[in-house]
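# Results of the structural survey
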Amino acid sequence: MTAKKAWEGFSKGLIEEVQKWGSMKQTGVNLRYMMEFGSRPTTRNLLISAQFLQKELPIRIARRAIELESLPYGLSHKPAVLKVRDWYLDSFRDLRSFHDIKDKSDELKFTQMIKMIKVRHNNVVPMMALGVQQLKKDLDPKIDYKDLDEIQQFLDRFYMSRIGIRMLIGQHVALHDPNPLPDCVGYIHTKMSPVEVARNASEDARFICLREYGSAPDVNIYGDPNFTFPYVPTHLHLMVFELVKNSLRAVQEKFVDSDKVAPPIRIIVADGLEDVTIKVSDEGGGIPRSGLPKIFTYLYSTAKNPLDEHSVVDLGTVTTMAGYGYGLPISRLYARYFGGDLQIISMEGYGTDAYLHLSRLGDSQEPLS
């Protein structure tokens, strides 16, 4: 793949339209409103939802496509980033080429189209991670990570926007399910058990650990399994999976040559008035204080990047214990998307505690600019 010039291969008319839509103001989302609106997936409501997305998605996608053209340090011209840009421009063109949605037939065709757009963008995160890795190879090793704040800020905006786009598309598509699970409104589970989601995510993480190391520490979960609150289970699963995976890896590597039994990972679920907090604790040796500022950057990873090793396969199928350099920062964005946060506290020589705060209000924190 060779680097292309800016907008090469796309018509002048399309680029002018991208710039026009990219200057428009986007609309924020609220978990409570999505839950209330989606609880009545009538033909009329689905039509209203599709008409909203037909206007909203081009704005969001155009903004990201424009940003992808003006990144510092030559990141815009890396082959992987050019591929992502092309996906965004193709999706913008598909959306703008679709006729006005007037009836149920139009709405169903539009829903199929945005479902395909969502599939097209499945590998955006690992592909952007590969682009950053391509950039790192060309950078002066004397450059300090803190000098790359512009890239960090862009990637935060970019990935947060992607979460929003996929949430909007996924919610609309899921509302067409003729047999939704009990207490589910599209992507949202109105009575989600964080203990149950944490258990499933931990089992998945342990499976990966067993596959890579041949063994895996236990994971003990503490909390009321009957406690529920409205949230998006796929978001929580992703966040807990990442935290537990990191803890399993740290403990496994610390005790791999030890005669001692590896200590378990501990997960505590606490039900607060403002937040639901999930604490993931390990005794994996902790992180040096000098390394803590780096853990939420996209240019930092403590293991070899598996994208380099598996570049010939579908990136969406690659799941390894470490290496992309985006697990923690992406998890924090998922937490912040609905008003929560992720904090890491480490004691070098002992272990690490991760505090995942999930807001009960569910107000989106995505940037609207």
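Residues numbered from 1 in each chain as written. Predicted model: local features only at pLDDT ≥ 70, side-chain atom pairs only at ≥ 80, totals over all residues. Heavy atoms only, no water.

## A closer look at the overall build of the protein chain
Short version of the rule: Helix numbering and strand numbering both begin at the N terminus, where a helix is a DSSP run of H or I of at least 4 residues and a strand a DSSP run of E of at least 2. Think of it in three bands: residues with accessible area under 20% of the maximum for their type are buried, residues over 50% are exposed, and the middle band is partly exposed, with areas taken using a 1.4 Å probe on protein chains only. The contact criterion used throughout is that any non-hydrogen atoms of two residues lie within 4.5 Å. Each accessible area is a Shrake-Rupley result for a 1.4 Å probe, and residues are judged covered by the shown protein chains and nothing else.
What the protein chain contains, in helices and strands, is 11 helices and 8 strands. With 369 residues in all, the protein chain has 51% of them scored as buried. Of the contacts made within the protein chain by residues no fewer than 6 positions apart, 78% connect residues no fewer than 24 positions apart. Element-wise, carbon and sulfur atoms account for 52% of the exposed surface of the protein chain, whose accessible area totals about 17600 Å².

## Focus on the pairing of strand 7 (residues 341–347)
Rules: A pair of strands is labelled paired if DSSP reports no fewer than 2 bridges between them.
Of the two faces of strand 7, only the one carrying Leu 342, Ile 344 and Ser 346 is buried; Asp 341, Gln 343, Ile 345 and Met 347 on the other face are not. By the bridge criterion, 7 bridges tie strand 7 to strand 8 (residues 351–359) in an arrangement that is antiparallel. Across the sheet, Ser 346 pairs through a bridge with Thr 352, a residue of strand 8. Linking strand 7 to strand 8, which pair antiparallel, is a turn of 3 residues; within it Gly 349 sits at a positive phi near 95°.

## Concerning the environment of Gly 284
Assignment of secondary structure puts Gly 284 in the loop between strand 6 (275–282) and helix 10 (306–309). Linking Gly 284 and Ser 247, residues 37 residues apart in sequence, is a C-alpha distance of 6.7 Å. Gly 284 has contacts with Ala 250, Val 251, Lys 254, Tyr 350 and Gly 351, leaving out every residue within four places of it along the chain.

## Quick notes on the side chain of Lys 78
Let me state the cut-off plainly: Polar contacts, as counted here, are pairs of nitrogen or oxygen atoms within 3.5 Å of one another; within protein the pair requires one atom able to donate a hydrogen and one able to accept it, and residues that are adjacent in sequence qualify only if both atoms are side-chain atoms.
Position of Lys 78 relative to the elements: it lies in the loop between helix 3 (43–68) and helix 4 (79–97). At 2.4 Å, the side chain of Lys 78 forms a polar contact with the side chain of Asp 138.

## Some details on helix 1 (residues 12–22)
This is how it is decided: By definition, the arc is the one covered by directions from the helix axis to the C-beta atoms.
Among the residues of helix 1, Leu 14, Ile 15, Val 18, Trp 21 and Gly 22 are the ones counted as buried. Down the axis of helix 1, the smallest arc covering the buried residues is 130°, so these residues share one side. Where helix 1 is buried, its residues meet helix 3 and helix 4.

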